[in-house]
Structures are given as C-alpha cells and as structure tokens.
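Listed below, chain by chain, are the residues.
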Amino acid sequence: MGLLDAILGRSKPVRPDLDQLFALPSATLTLQAGAGLTPTGLGSVCFAGVEGGGFARIRQDVRELLDASAGQGGHPVEFSRDGYGYTWLLVRRPPEDTASLVNDLHAVNTLLQDGGFGPQLLCSLLGFRDDEERRLALVYLYKRGSFYPFAPVPGGAEKRDSQRELQVRALLGNDLRIEPDLARWFPVWGAPGL
C-alpha cells in the first residue's frame, strides 16, 4: 500500500482469520446447555461468484476433498447459486460431529484463500435448531473476523427473531468473537444449511 492509497482511503483487503472457525465446537456445547439448540450437521460457505479455469480447479479440489468422506457415510458436497449471484457450498455431516464439519468448512475456506480467492469469501454458517424446530445459524463474517447469530421466525416470512439473536449473543460472548455492530448482522434468507 502506497502513500497515495493512504491519502485516498484505499486499503488492502483484510485477510480472513479462518482459525476463528475452530471456536464453533465449544460454542455448540454452550448453545446446547444454555439454549437447547442442537447442531443440524449442516454448514455452508458463501463467496462471491467467480469464474475461470483457476476457480474451476479449486472447485474440483473442494469437491474431491469433501466427497472423499461420502464413501464413509457422508454426503457429497453441494454447490448452488442464490438470487444475488453468490455461490454457496453446503456440507453435511452427522449432527453430533460438529468438529468434522468445522474442519471441512475450514478446509474449503483455506483452499479458496490459498487459491487467491480469499477476497471473495463472504461468510460461513453453521445450522442449529431447537425442540420446536426453530432454526438458528451462527454466521462468520470473514472480512470482520466475527460471528453473529441469525434466527429467522418460523413460518416462511422473512422476519427475524431479534430477541433470540440477542439472547444467543449474550450466551456466546465468552466463546466467540461476536460482531459488535448490529448493522452488520445481515440476514441470510434461504441460505443452504440454515
């Protein structure tokens, strides 16, 4: 970054702190004990749509890495594109094996970052539900290095349970780096894994 960049307010993109994801297994225990939320075994990674040979190679590497466990009772990785043009990668693991799911998500993110696609990483999420089938996701924002809870109201309407999100924030304050700016708690309607 040069002097002109500093004067004009331009900066280098922040490198994602992918190791923050490894805090999720302990946060899962806190959610189970404190809020009755259990993991669904679903996790996803969202990144800005990219094309080209380099990305096709990375995508194939991700598929081969994660599909290797499909022969051991796992499920193949799924790629999809949302209405905004973002690419989602969905990973399924047994609900009781959050550590493997987090390792898979970390591996995907590392492959993308090492392949030069780190700036395109947007978020990862891990899905939860309670006994009443209410859903919740812990969303990790790469560019902020922080998490936030996203709790859609059941019933299909695009409404959030803000009170529940704030309760989860208070519950996980010692387990995760929670995003302090509530304006950055973006809704992820219809995200795979939610």
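Scope of this entry: the structure provided in the associated data block. Along every chain, residues carry numbers that run from 1 in the direction the sequence is written. Confidence filtering applies because this is a predicted model: local features only for residues at pLDDT of at least 70, side-chain atom pairs given and counted only at 80 or more, and all residues used for totals across whole chains, interfaces and linings. Side-chain figures throughout are based on the complete set of non-hydrogen atoms in the structure, without hydrogens or water.

**Brief notes about helix 2 (residues 24-35)**
- Relative accessibility decides the category of a residue: with a 1.4 Å probe and only protein chains considered, values under 20% of the type maximum give buried, values over 50% give exposed, and everything between is partly exposed. Only DSSP runs of H or I reaching four residues or more are called helices, and only runs of E reaching two or more are called strands; each is numbered from the N terminus. Buried within helix 2 are the following residues: Leu-24, Ala-27, Thr-28, Thr-30 and Leu-31. Buried residues of helix 2, viewed axially, fall in a sector of 165°; they line one side. Turned more than 90 degrees from where helix 2 packs its buried face, Leu-29 and Ala-33 sit exposed.
- In the stretch just after helix 2, Gly-36 is the one whose phi turns positive, near 70°. What the arc describes is the spread of directions from the helix axis to the C-beta atoms.

**Looking at the sheet that holds strand 3 (residues 86-92)**
- Taken in spatial order, the six strands of this open sheet run 2-3-1-4-5-6, and their pairing is antiparallel. Looking at strand neighbours, the two that pair on one side only are strand 2 (78-81) and strand 6 (146-150), the edges of this open sheet. This sheet shows a mean twist of 25° between the axes of neighbouring strands, independent of strand direction.
- Paired strands, in this sense, are two strands between which DSSP finds at least two bridges. Where strand 1 (residues 38-48) lies against strand 4 (residues 121-129), seven bridges are found, and the strand directions are antiparallel. Bridging across to strand 4, Gly-43 finds its partner in Leu-126.
- The contact definition used throughout considers only heavy atoms, calling two residues in contact when any of these lie within 4.5 Å. A fitted line through C-alpha atoms represents every axis, and for helices the fit uses only the stretch in contact; the resulting angles, taken between N-to-C directions, go from 0 to 180 degrees. Lying over the sheet, helix 4 (residues 98-117) contacts strand 1, strand 3 and strand 4, oriented at roughly 5° with respect to strand 1.

**Here we look at the layout of surface pockets**
- For each structure, a 1 Å grid was placed over the protein atoms alone; sets of points admitting a 1.4 Å probe that cannot get out are labelled cavities, open sets with protein on both sides within 12 Å along at least five of seven lines are labelled pockets, and lining residues have an atom within 4 Å of a point. Grid points are joined across faces, edges and corners, and a volume is the space filled by probe spheres set on the points. In this structure, the largest pocket spans a volume of roughly 500 Å³.
- Lining of the largest pocket is provided by 25 residues; of these, Tyr-86, Trp-88, Phe-186, Pro-187 and Val-188 occupy positions nearest its centre.
- When residues of the lining of the largest pocket are traced back to their parent elements, those giving at least two are strand 2, strand 3, strand 4 and strand 5 (135-141).
- For the lining of the largest pocket, a count of residues per class yields 16 nonpolar, three polar and six charged. Each residue receives one of three labels: charged for Asp, Glu, Lys and Arg, nonpolar for Ala, Val, Leu, Ile, Met, Phe, Trp, Tyr, Cys and Pro, and polar for the others, Gly being one of them.

**Digging into helix 5 (residues 162-172)**
- Taken together, the buried positions of helix 5 are occupied by Arg-164, Glu-165, Val-168 and Leu-172. Buried positions in helix 5, seen along its axis, are confined to an arc of 100° and lie on one side of it. Opposite the packed face of helix 5, turned more than 90 degrees from it, sit the exposed residues Gln-163 and Ala-170.
- Contact partners of the buried residues in helix 5: helix 2, strand 5 and strand 6.

**Examining the packing of helix 2 against helix 5**
- In contact at an axis separation of 10 Å, helix 2 and helix 5 are set at 120° when each is read in the N-to-C sense. Put simply, helix 2 runs oblique to helix 5. Between helix 2 and helix 5 the crossing geometry is right-handed. Residue-level contacts link Ala-27, Thr-30, Leu-31, Gly-34 and Ala-35 of helix 2 to Val-168, Leu-171 and Leu-172 of helix 5.
- Of the residues belonging to the contact of helix 2 with helix 5, the class tally is six nonpolar, two polar and no charged. Working rule for angles: under 35 degrees goes down as roughly parallel, over 145 as roughly antiparallel, 65 to 115 as roughly perpendicular, anything else as oblique. By definition, turning the near helix anticlockwise from the far helix through less than a right angle yields a left-handed crossing, and turning it clockwise yields a right-handed one.

**Focus: the packing of helix 2 against helix 4**
- Across the interface, helix 2 lies against helix 4 with an axial gap of 9 Å and an inter-helix angle of 140°. Between helix 2 and helix 4, the angle is such that the two are oblique. Here the hand of the crossing between helix 2 and helix 4 comes out right-handed. Seen from helix 2, the contacting residues are Leu-24, Pro-25 and Thr-28; seen from helix 4, they are Thr-98, Ala-99 and Val-102.
- Residue classes in the contact of helix 2 with helix 4 are distributed as four nonpolar, two polar and no charged.

**A look at the pairing of strand 6**
- Among the five residues that make up strand 6, five are buried, leaving the element largely enclosed by the rest of the structure.
- With burial as the criterion, each face of strand 6 is covered, one bearing Ser-146, Tyr-148 and Phe-150 and the other bearing Phe-147 and Pro-149.
- With five bridges connecting them, strand 5 and strand 6 associate as antiparallel partners. Along strand 6, the bridge assignment pairs Leu-141 with Ser-146.
- Taken together, strand 5 and the strand that follows it, strand 6, pair antiparallel across an intervening segment of four residues, in which Gly-145 is found at a positive phi of about 70°.

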